[in-house]
Amino acid sequence: MAIRLVPLGALPAARLDHLAEQLGRLLGLPVDTWFETLPVDDVFDPRRDQFRSDLLLERLTRDFASETRVLGVTESDLFIPVLTFVFGEAQLGGRAAVVSTFRLRNELYGLPADKGLLEDRLVKEAMHELGHTFGLLHCHNTTCVMQTSTYAEMVDLKPATFCAECQARYEAFVAGRLRLTTLNARQPVGR
Amino acid sequence: MVQIAAAKDELRILVVDDEEVVRTSLERWFTEDGYHVSTAADAAQALRELQVGKFDLALVDVKMPGMDGLELQRRLQEIEPSLTVIMITAYASVDTAVQALKQGAFDYVTKPVDPDHLTHVVANAVKQRRLALEKSQLEDEVHHLRGACEFVGDSEAARKVMELVATAAPADTTIMIRGESGTGKELVARALHQQSKRRFFPFVPINCGGLTDSLLESELFGHEKGAFTGAQYRRKGKLELADGGTVFLDEVGNISQKTQMDLLRVLESKQFTRVGGSRNVDVDFRTICATNRDLELAVKEGDFREDLFYRLNVFVINVPPLRERRGDIPILARHFLAKYARAMSKQVTDFDSEALLRLEMYRWPGNVRELENAVERAVVVTRSNTIQPRDLPELECSVTDPADLSMDAVERRHMAQVLQQTGGNVTRAAELLGINRVTLYNKIKKYSLR
């Protein structure tokens with residue numbers, strides 16, 4: 001099991017390097033970054049002035065068919081048609097996930113830029129979306145990265161790590177001892 | 001304990017939208033949140049899904065080809081009235097939203113919806129559904145508890161009592177319930193309270209017969225701190241606790257002359273003072289009282305104040321003894337059987353025919369209370385799913401009053417004895433009696449021998 005990071009549109013290299021290092025440390029898996037940037041123009045919706053995350057997931061799945069896990073990272077504003085925006089999206093128990101820094105930036109909320117805070121938020125959202133690809137659902141535990149976040153400040157309140165229960169499920173999933181159907185039968189989860 | 005089934009991970013959501021991307025997005029969104037999600041591309045598929053599956057919540061798109069969301073909402077709620085429906089619309093139309101809410105939709109969201117708003121709308125719907133389930137389950141519990149305290153019967157005598165209750169309950173007048181011990185006078189009082197406009201206020205029963213004069217005084221009127229040795233705190237009396245509701249004075253014929261005078265004063269002025277106090281307390285309650293004593297005789301003999309008697313004896317309900325409504329014995333016996341089988345979690349469903357015959361033939365001097373105790377005991381001791389004669393206490397069976405020498409009474413007594421001898425076998429009993437089976441069946445019906 002390994003994770004491939006794919007830059008979707010222009011991104012600072014240092015941010016991707018930091019993300020790769022942190023994900024490797026937190027998940028205990030090898031993390032490599034794809035050597036080139038993929039364009040996102042084809043998933044742009046001019047009416048919404050946003051980018052379709054579901055189409056990005058389809059493309060990552062198709063173009064990186066040999067990867068066990070692929071995480072697209074973008075600075076573009078993502079959406080799915082029924083929602084106004086998403087921080088990221090993932091295939092539950094699948095191979096692909098995508099995460100955006102657009103709404104994690106302080107500047108969007110009229111606050112001064114904070115590079116460190118942005119990197120922390122990105123690591124948490126990347127962990128959250130990758131967690132879904134390992135079959136994890138939203139968790140009610142406030143000390144778990146799988147707790148749902150619908151605005152940036154909520155991301156700050158949670159840690160970058162799984163709670164003990166989700167960590168155990170993650171490890172079992174990676175070791176091939178847990179299937180998705182079992183995961184879905186777990187105890188209540190909450191946003 | 002109330003079990004609530006709607007834990008979040010057991011909730012089933014149906015997403016109905018003609019756009020595939022909306023269906024898959026919402027399916028993924030809610031699945032990640034721990035819900036069980038199904039999708040339908042149009043109204044017809046949604047109706048099919050609802051026929052085969054159970055759903056708690058439906059998210060329905062307003063604009064769909066064919067049957068639109070509003071029509072689908074009506075049909076979904078016809079099939080499953082408890083279904084919570086949230087409408088999704090791409091056009092923020094106030095008319096559509098108002099119509100949906102008027103039809104019973106829980107809420108509506110406009111596409112594209114803010115993720116935080118969607119989360120809150122669904123969480124609120126789940127919360128409301130949970131409360132509705134809790135309410136329904138608590139109502140069931142209350143219904144069972146109330147059912148256990150109902151005046152039960154289908155005989156002419158029982159119906160007459162229930163008719164009088166229905167007539168007197170709304171009138172807010174003072175009621176005197178008379179009848180032998182164990183006939184269910186308190187049940188009649190509770191029925192009067194439950195059918196009155198005071199039903200949302202307390203029903204306070206007071207057993208006047210079991211207390212000494214001073215205790216009864218303190219029980220009725222309460223006391224101030226230091227009123228007597230041991231009165232460390234002010235305590236409200238039952239009349240004060242019953243404010244707005246009903247006071248049931250059981251065995252009112254047994255109270256002393258002094259308390260009779262105090263009670264009369266309260267009934268006339270609706271005011272009293274607590275024991276050891278000086279301040280008047282205003283109260284508003286309805287009085288229902290009961291006695292098995294011959295109060296007219298007590299008045300004649302000077303044991304009961306005449307003025308209090310007339311104050312209490314406004315509307316009289318006579319509760320007949322069980323021997324005068326034998327036809328109710330099987331109904332009452334089965335009612336108590338269900339009550340105690342449920343309370344003891346035992347699978348006892350009915351009476352063996354001979355056991356029931358024994359219950360019907362006994363005189364029941366202790367009336368319904370004695371019958372209830374006999375059935376409770378039988379449910380405890382039985383090892384069968386039907387109550388057997390051996391499960392019942394020793395009952396000296398005599399269908400009619402031995403002193404009653406009328407032809408009907410003698411015939412009834414004789415037929416009951418023969419039926420008991422044959423273990424309830426009607427064909428054999430008819431042979432022994434020298435009459436045909438149809439005649440015996442008619443007599444059994446006439447004398448309520450079954």
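Residues numbered from 1 in each chain as written. Chains lettered and ligands numbered in written order. Predicted model: local features only at pLDDT ≥ 70, side-chain atom pairs only at ≥ 80, totals over all residues. Heavy atoms only, no water.

Trainee: Please explain the layout of surface pockets as it appears in this structure.
Mentor: Any empty space left between atoms is shown by rolling a water-sized probe over those atoms. All names here are of chain B. The volume enclosed by the largest pocket comes to roughly 470 Å³. Lining of the largest pocket is provided by 20 residues; of these, Gly 182, Gly 184, Lys 185, Glu 186 and Arg 369 occupy positions nearest its centre. Secondary-structure elements contributing two or more residues to the lining of the largest pocket are α7 (185–194), β10 (246–250), α13 (329–343) and α15 (367–381). Residues belonging to the lining of the largest pocket are distributed by class as follows: 6 nonpolar, 6 polar and 8 charged. (1 Å grid on protein atoms, 1.4 Å probe; cavity = no way out; pocket = protein on both sides within 12 Å on 5 of 7 lines; lining within 4 Å. Points joined across faces, edges and corners; volume = space filled by probe spheres on them. Helix = DSSP H or I, 4+ residues; strand = E, 2+ residues; numbered from the N terminus. Nonpolar A, V, L, I, M, F, W, Y, C, P; charged D, E, K, R; others polar.)

Trainee: Please explain unusual backbone geometry as it appears in this structure.
Mentor: Note on backbone geometry: most residues besides glycine have negative phi, and most peptide bonds are trans. Residue and element names in this part refer to chain B. The linkage connecting Lys 111 with the following residue, Pro 112, adopts the cis geometry, with an omega of -10 degrees. Of note in the backbone geometry, Glu 251 takes a positive phi value of approximately 55 degrees without being a glycine. One non-glycine residue, Asn 367, lies in the positive phi region at around 60 degrees. By secondary structure assignment, the location of Asn 367 is in helix α15.

Trainee: Teacher, can you tell me more about the packing of helix α17 (residues 426–433) of chain B against helix α18 (residues 437–446) of chain B here?
Mentor: Helices that pack against each other are described as a pair by the angle of their axes relative to one another and the distance between those axes. Residue and element names in this part refer to chain B. For the pair α17 and α18, the least separation of the axes is 9 Å and the interaxial angle reads 105 degrees. By the angle between their directions, the pair α17 and α18 is classed as roughly perpendicular. Along the contact surface, α17 presents Val 426, Thr 427, Ala 429, Ala 430 and Leu 433, while α18 presents Arg 437, Leu 440, Tyr 441 and Ile 444. Residues belonging to the contact of α17 with α18 are distributed by class as follows: 7 nonpolar, 1 polar and 1 charged. (Axes fitted to C-alpha atoms, helices over the stretch in contact; angles between N-to-C directions. Parallel < 35°, antiparallel > 145°, perpendicular 65-115°, else oblique. Contact = heavy atoms within 4.5 Å.)

Trainee: Help me understand the state of the cysteines in this model?
Mentor: Put plainly, two cysteines are in a disulfide when a covalent bond ties their sulfur atoms together. Residue and element names in this part refer to chain A. By the definition in use, this model includes 0 disulfides over all chains. Considering cysteine sulfurs only, Cys 163 is the nearest to Cys 139, which forms no disulfide, with 3.8 Å between them. Overall, the relative accessible area of 0% leaves Cys 139 in the buried class. Note on Cys 163: no disulfide assigned, nearest cysteine sulfur contributed by Cys 166 at a separation of 3.7 Å. (Disulfide = S-S within 2.5 Å. Buried < 20%, exposed > 50% of the residue type's maximum accessible area, 1.4 Å probe, protein only.)

Trainee: Please clarify how the nonpolar core should be interpreted in this entry.
Mentor: Soluble globular proteins tend to pack their nonpolar side chains together in the buried interior. Among the nonpolar cores identified, the biggest contains 39 residues, and Leu 8 and Leu 83 of chain A together with Leu 26, Phe 30, Tyr 35, Leu 118 and Val 122 of chain B are the most heavily contacted of them. Listed by contribution, the elements that provide at least two residues to this core are β1 (3–8), α2 (53–63) and β8 (96–100) of chain A together with β1 (12–16), α1 (20–32), β3 (57–61), β4 (84–89) and α5 (115–147) of chain B. Apart from residues lying up to four places away in sequence, Leu 83 of chain A is in contact with Arg 48 of chain A together with Trp 29, Pro 112, Val 113, Pro 115 and Leu 118 of chain B. In terms of nonpolar packing, the next biggest core, distinct from the first, is built from 32 residues, Ala 20, Leu 23, Leu 130 and Val 145 of chain A among them. (Core = buried A, V, L, I, M, F, W, Y, C linked by side-chain atoms within 4.5 Å.)

Trainee: Is there a simple way to explain the interface of chain A and chain B in this structure?
Mentor: Where interface size is given, it is often the accessible area lost as the parts come together that is meant. Counting residues at the interface gives 25 residues for chain A and 20 residues for chain B. Here chain A and chain B share an interface that buries about 2,000 Å² over both sides, 62% of which is from carbon and sulfur atoms. Our enumeration of links across chain A and chain B arrives at 1 salt bridge. A salt bridge links Glu 89 of chain A to Arg 28 of chain B; its shortest N-O distance comes to 2.5 Å. (Buried area = accessible area lost by both parts, 1.4 Å probe. Salt bridge = Lys/Arg side-chain N within 4 Å of Asp/Glu carboxyl O.)

Trainee: Which parts of the structure should I look at to understand the sheet that holds strand β5 (residues 69–74) of chain A?
Mentor: Pairing between the strands of a sheet comes from backbone hydrogen bonds, and it takes one of two forms, parallel or antiparallel. Residues and elements named next belong to chain A. Across the sheet, which stays open at both edges, the 5 strands sit in the order β2-β1-β5-β8-β7 with mixed pairing between neighbours. Each edge of the open sheet is held by one strand with a lone partner, namely β2 (31–33) and β7 (88–90). Each adjacent strand pair in this sheet contributes to an overall mean axis angle of 20 degrees, direction not counted. Inspection of the sheet shows β1 paired to β5 by 6 bridges, in the parallel sense. Residue pairing in the sheet places Pro 7 in a bridge with Val 73 of β5. Along the sheet, α2 makes contact with β1, β5, β7 and β8, crossing β8 at roughly 135 degrees. (Pairing = 2+ DSSP bridges.)

Trainee: Would you mind going over the pattern of salt bridges with me for this structure?
Mentor: Once the charged atoms of two side chains with opposite charge are near each other, the side chains can pair. Residue and element names in this part refer to chain B. Throughout the structure, instances matching the rule amount to 40 salt bridges over all chains. Note that Arg 74 and Glu 71 form a salt bridge whose closest N and O atoms lie 2.6 Å from each other. With Arg 74 and Glu 71 both in helix α3 (residues 69–79), this residue pair falls 3 residues apart, about one helical turn. With relative accessibility at 36%, the residue Arg 74 sits in the partly exposed group. For Arg 274, the salt bridge identified is with Glu 240, shortest N-O distance 2.7 Å. One end of the pair, Arg 274, is in the loop between β11 (271–273) and β12 (280–282); the other, Glu 240, is in helix α9 (residues 238–241), and 34 residues separate them in sequence. As far as the burial class goes, Arg 274 and Glu 240 line up, both buried. Salt bridges linked by common partners bring Asp 17, Glu 19, Asp 61 and Lys 111 together as one network.

Trainee: Where do I start with helix α6 (residues 156–168) of chain B in this structure?
Mentor: Residues three or four positions apart in an α-helix share a direction because the helix packs 3.6 residues into each turn. All names here are of chain B. Over its 13 residues, α6 runs 18 Å from end to end, which matches the ideal 18 Å to within 8%, given 1.5 Å per residue. The set of residues buried in α6 consists of Ala 158, Val 161, Val 165 and Ala 168. An end-on view of α6 places all buried positions within 100 degrees of arc, on one side of the element. Among the exposed residues of α6, those pointing more than 90 degrees away from its buried face are Glu 156, Lys 160, Glu 163 and Thr 167. (Expected span 1.5 Å × (residues − 1). Arc of directions from axis to C-beta.)

Trainee: Looking at this structure, I do not really get the confidence of the model for chain B. What am I missing?
Mentor: Low-pLDDT portions of the prediction should not be read for the details of their coordinates. Residue and element names in this part refer to chain B. Counting all residues, the mean pLDDT for chain B is 86, and 94% of those residues have values of 70 or more. A low-confidence stretch, residues 1–7 (pLDDT under 50), is modelled with 10 contacts involving residues beyond four sequence positions or located in other chains. Two numbers describe this predicted complex: its pTM, 0.57, and its ipTM, 0.82. (pLDDT = per-residue confidence, 0-100.)

Trainee: Explanation requested: the sheet that holds strand β14 (residues 315–318) of chain B in the structure shown.
Mentor: All names here are of chain B. Spatially, the 5 strands line up as an open sheet ordered β7-β10-β13-β6-β14, and their pairing is parallel. Looking at which strands have only one partner, the edges of the open sheet turn out to be β7 (203–207) and β14. When the angles between neighbouring strand axes are averaged without regard to direction, this sheet yields 20 degrees.

Trainee: Just checking my understanding: could you explain empty space enclosed by the protein for this structure?
Mentor: With the rule as written, the count across this model stands at 2 cavities of 30 Å³ or more. Estimates place the volume of the largest cavity at around 250 Å³. Along its surface, the largest cavity is lined by 22 residues, and Val 86, Gly 88 and Glu 129 of chain A together with Trp 29 and Glu 32 of chain B are the ones closest to its centre. When grouped by side-chain class, the residues that make up the lining of the largest cavity number 7 nonpolar, 8 polar and 7 charged. Estimated volume of the second largest cavity: approximately 60 Å³.

Trainee: How do you make sense of the packing of aromatic side chains when you look at a structure like this?
Mentor: One pass over the structure, following the stated rule, counts 12 aromatic pairs over all chains. Between Arg 105 of chain A and the ring centre of Phe 102 of chain A, over which it is positioned, the NZ or CZ distance is 4.7 Å. (Phe/Tyr/Trp six-rings, centres within 6.5 Å; stacked < 30°, edge-to-face > 60°. Lys NZ or Arg CZ within 6 Å of the ring centre and 35° of its normal.)

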